[in-house]
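Chain residues, written in single-letter form:
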Amino acid sequence: MSAEEPLFRVVRGVPTAEELAALVGAIISRSRPAAAPAPTAPSAWARSGRPGSSRGWRAAGLPR
């Protein structure tokens, strides 16, 4: 494919600029792979409030 050759062409009808822009947007969004965000580990603050954690803000009020 040469640099002057278009990637796609309209073979029937005369689309408006808005219709052509919508088509290009749809093609671009479908051609990108959907990358799932990498899971992040919960912070120490979030882990401190979970059941079974003896070190955290909940344990601070318990007798020692």
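Before going into details, it helps to say that this report is about the structure given with it. Nothing here was measured: the structure is a model prediction, and the numbers come from that model.

Thoughts on the overall build of the protein
If you tally the helices and strands in the protein, you get 2 helices and 0 strands. Taking all 64 residues of the protein together, 3% fall into the buried category. Of the accessible surface of the protein, which amounts to about 6,400 Å², a share of 61% is contributed by carbon and sulfur atoms.

Looking at a nonpolar patch on the surface
Judged by side-chain polarity, L7, F8, V10, L20, L23 and I27 come together as a nonpolar surface patch covering roughly 530 Å² of accessible area. Its location among the elements puts L23 in helix α1 (residues 17-31). Overall, L23 belongs to the partly exposed group, its relative accessible area being 38%.

The rules behind the values
- Residues numbered from 1 in each chain as written.
- Predicted model: local features only at pLDDT ≥ 70, side-chain atom pairs only at ≥ 80, totals over all residues.
- Heavy atoms only, no water.
- Helix = DSSP H or I, 4+ residues; strand = E, 2+ residues; numbered from the N terminus.
- Buried < 20%, exposed > 50% of the residue type's maximum accessible area, 1.4 Å probe, protein only.
- Areas by Shrake-Rupley, 256 points an atom, 1.4 Å probe, with all protein chains shown as cover.
- Patch = residues over 30% accessible without salt bridge, like charges linked within 9 Å, V, L, I, M, F, W, Y side chains within 5 Å.
- Salt bridge = Lys/Arg side-chain N within 4 Å of Asp/Glu carboxyl O.

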